[in-house]
Amino acid sequence: MPMWVFDHQTLKFLAVNDAAVRIYGYSAEEFLSMTIRAVQPEGSKHEGIAIRHIKKNKCIIYVNVESCIINFEERKAMLSVSTDITGRVETERLLEEKIKLNAEKYNIISKATSDTIWDWNLLTDKILWNKGIKGIFGYKDLVDNTTSGDWWGTQIHPEDRKRVIQDINHHISGKIERWRTEYRFACADGSYKYVLDRGFMVFDSAGTPVRVIGGMQDISQRRQEEQWSRLLESVVINATDAVLICTGNIEGSGQSIIYVNEAFTKMSGYTRQELMGASPRISQGPETDIREIRKLKRAIAQKIPCQIEVINYTKQGKEYWVSQSNAPIADAEGIVTHWISIQRDITQNKKHLKEIEEQNKKFKEIAWIQSHLVRAPLARVMGLVDLLKNFAPGDDGDELLLHLENSAKELDAIIINIADKTPEERL
C-alpha cells in the first residue's frame with residue numbers, strides 16, 4: 001500500500017515508499033519536491049471515508065487514508081497509508097444510479113397507473129405502498145406509506161382471508177415466481193372493494209424469496225358489471241318471450257343471427273344450429289305484412305328502436321302472429337354493432353280480437369234487424385189490436401184475426417233469426 005511522510009506544517013513530502021511511486025506514477029525525487037496537495041487537492045474528500053487522489057497521469061482514484069502524527073528526523077510529521085477503494089466507490093456509484101433510476105421508474109409507473117403498487121420486503125415484513133393506498137382505499141394516516149404484512153392480511157375480507165394468505169404463502173414457500181388472485185380488500189371507511197392482485201417474486205443469489213413486488217387493481221365496477229351480465233343472461237335464457245340477437249346492418253352486408261333463446265326455438269320450430277348464421281327473415285312468408293317489414297327496415301337504417309306486428313311462419317309452415325320489439329345495440333363509441341329483437345306470440349290475442357270483431361258485426365246486423373224488420377210487423381200487430389178494441393157487430397172479425405196471426409208469425413220468424421245471429425256466450 002502507498003505510504004508517505006509529510007511535514008505537518010508545510011505539507012511537503014519527506015519520504016515515500018515504492019508502492020506510492022508505482023501507483024501514483026511519480027518518481028521518489030518528484031514526490032520529495034511536492035506537497036501533499038499535488039495528489040490530494042484541498043477539498044478532495046468525496047463521501048464518507050473516500051478521498052479523491054490525483055495520479056501523475058491525471059487519473060482520479062478514491063482512497064481510504066489513515067494517518068498518525070510521528071516524529072520524523074526531529075520534526076513533527078504525518079505518516080499516511082492509502083488504501084485504493086476506487087472499485088468499491090465506482091460500484092456504489094453505479095448502484096446508486098441504478099437505485100435512482102429504479103426509483104424514477106417506480107414513481108413514473110405509480111403516476112401512470114391507477115393501480116396500487118406495493119413492495120413487500122419479506123426479510124423485514126414491511127410493505128411499501130404507492131399513493132393508491134390513500135387515493136383508492138382512503139388510508140391517509142399511514143406513516144411513510146408503510147405497513148406490515150400482517151396489516152395487509154387483516155384488511156382482506158374474512159371470507160377471502162384464509163384462501164388468499166394460504167395462496168401467497170404457497171407461492172413464497174414453493175418459490176413460484178408469479179402470483180395472481182382476486183379478493184375483497186377493506187377501505188378506510190369500512191367498505192370493501194373487489195381487487196385483482198398480482199405479484200412478482202424477487203430472489204437473492206441463493207434462490208431464496210426476499211421481496212414480492214405487485215399491483216392491486218380495483219375491479220369493483222367490473223365485478224358489478226359481471227353480476228349484472230349474469231343476471232341479464234339468466235333473464236334472457238329463462239324468458240318466456242322469444243329473444244333474437246343479430247349482427248348490425250353493416251353497409252354492404254345483411255344481418256345474421258348470432259343468438260336465440262330456447263323460447264325462440266320453441267316458437268319457430270327451428271333448432272339453434274339451424275338458426276345460427278341465418279337471416280332474421282327466415283320466419284317471414286307470404287302473409288307477412290310488407291308494410292311492417294318496410295317500417296322495420298327504415299328503423300334499422302336510422303338506427304332507432306321499432307315495434308311491429310306481423311305474421312311469421314314456423315319451420316313446418318304454420319302461421320303465427322308475433323309482436324316484435326326491436327332495438328339497436330351500440331358499442332362504447334356509439335357504433336351500432338348488433339340488434340336485439342324480443343318477440344311475443346300474439347296469435348291467441350289476434351284470434352280473440354277477430355272473434356270480437358265478428359261479434360260486433362253480428363250485433364250491428366241485429367241492431368239493423370231490430371230497427372227495420374221488426375218494426376213493420378209490430379206496427380201491424382199494434383194496428384190490428386187497435387181495430388179489435390173498436391170492433392163492432394157485423395165487422396169481419398175472422399179476417400182481423402187472420403192478419404193478426406200472420407203478423408205474429410212474421411214477428412216470431414224475425415225473433416228466431418235474431419236469436420240465431422246472437423253469439424251463444426252473449427245469451
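Residues numbered from 1 in each chain as written. Predicted model: local features only at pLDDT ≥ 70, side-chain atom pairs only at ≥ 80, totals over all residues. Heavy atoms only, no water.

Caption draft 1: Summary view of the overall build of the protein chain. Tallying secondary structure elements over the protein chain gives 13 helices and 16 strands in all. Considering the protein chain as a whole, with its 427 residues, one finds that 33% of them fall into the buried category. Taking the intrachain contacts of the protein chain between residues at least 6 apart in sequence as the baseline, contacts between residues at least 24 apart amount to 40%. As displayed, the protein chain has an accessible area near 27,100 Å², and 54% of this comes from carbon and sulfur atoms. (Helix = DSSP H or I, 4+ residues; strand = E, 2+ residues; numbered from the N terminus. Buried < 20%, exposed > 50% of the residue type's maximum accessible area, 1.4 Å probe, protein only. Contact = heavy atoms within 4.5 Å. Areas by Shrake-Rupley, 256 points an atom, 1.4 Å probe, with all protein chains shown as cover.)

Caption draft 2: Geometry of the pattern of salt bridges. Counted according to the given criterion, the structure contains 20 salt bridges. A salt bridge links Asp7 to Arg75; the nearest nitrogen and oxygen atoms lie 3.5 Å apart. One end of the pair, Asp7, is in strand E1 (residues 3-7); the other, Arg75, is in strand E5 (residues 75-84), with 68 residues separating them in the sequence. The exposure class of Asp7 is buried, given its relative accessible area of 9%. In this structure, the salt-bridge partner of Asp218 is Lys193, at a minimum N-O distance of 3.7 Å. Taken together, the positions of Asp218 in strand E11 (residues 209-218) and Lys193 in strand E10 (residues 192-203) put the pair 25 residues apart, joining distant regions of the chain. The partly exposed category is assigned to Asp218, whose relative accessible area is 31%. On the basis of relative accessibility, which here comes to 22%, the residue Lys193 falls in the partly exposed class. (Salt bridge = Lys/Arg side-chain N within 4 Å of Asp/Glu carboxyl O.)

Caption draft 3: Representation of the packing of aromatic side chains within the structure. Counted under the stated rule, the structure contains 15 aromatic pairs. Here the aromatic rings of Trp4 and Phe13 are separated by 5.5 Å at their centres, their planes lie at 80°, and the arrangement is edge-to-face. By relative accessible area, Trp4 is classed as buried at 2%. Summarising the aromatic geometry, the rings of Tyr139 and Trp151 are spaced 5.0 Å apart at their centres and angled 80° between planes, so their arrangement reads as edge-to-face. On the criterion of sequence distance, the pair formed by Tyr139 in the loop between helix H4 (132-135) and strand E8 (146-148) and Trp151 in helix H5 (residues 149-155) is long-range, its members being twelve residues apart. On the basis of relative accessible area, Trp151 is assigned to the buried category, the value being 19%. (Phe/Tyr/Trp six-rings, centres within 6.5 Å; stacked < 30°, edge-to-face > 60°.)

Caption draft 4: The nonpolar core, seen in detail. Counting 23 residues, the largest nonpolar core has Trp152, Tyr183, Phe185 and Met216 as the members making the most contacts within it. For this core, the secondary-structure elements that each account for two or more residues are strand E6 (116-121), strand E7 (126-129), H5, helix H6 (158-173), strand E9 (178-186), E10 and E11. In terms of residues, this core owes the most to one element, E9, which gives four residues. With sequence-adjacent residues up to four places away left out, Met216 is seen in contact with Asp115, Thr116, Trp118, Trp129, Phe137, Trp152, Tyr183, Phe185, Val195, Leu196 and Asp197. Judged by nonpolar contacts, the second largest core, of 20 residues, contains Tyr270, Leu275, Cys306 and Val310. (Core = buried A, V, L, I, M, F, W, Y, C linked by side-chain atoms within 4.5 Å.)

Caption draft 5: The arrangement of the side chain of Ser82 in detail. The residue Ser82 is located in strand E5 in this model. Those residues in contact with Ser82 that lie beyond four places of it in its chain are Met1, Pro2, Trp4, Tyr24, His53, Val63, Asn64 and Val65.

Caption draft 6: Structural detail: the environment of Ala50. You can see Ala50 is positioned in the loop between helix H2 (28-32) and strand E3 (51-54). The spatial distance from the C-alpha of Ala50 to the C-alpha of Asn64 is 5.3 Å, given a sequence separation of 14 residues.

Caption draft 7: Just unusual backbone geometry, in detail. Positive phi outside glycine occurs at Glu73, with the angle close to 50°. Structurally, Glu73 is set in the loop between strand E4 (60-72) and E5. Even without being glycine, Lys175 reaches a positive phi, approximately 55°. When you line up the elements, Lys175 lands in the loop between H6 and E9.

Caption draft 8: Representation of the side chain of Ser341 within the structure. Position of Ser341 among the secondary structure elements: in strand E16 (residues 336-345). Of the residues examined, Ser341 reaches a relative accessible area of 6% and is grouped as buried. Engagement of the side chain of Ser341 in a polar contact is seen with the side chain of Asn326, the distance being 2.8 Å. In this structure the side chain of Ser341 is engaged in a polar contact, spanning 3.2 Å, whose partner is the side chain of Gln343. (Polar contact = N/O pair within 3.5 Å; in protein donor to acceptor, adjacent residues only side chain to side chain.)

All we've got here are geometric facts, nothing functional implied.
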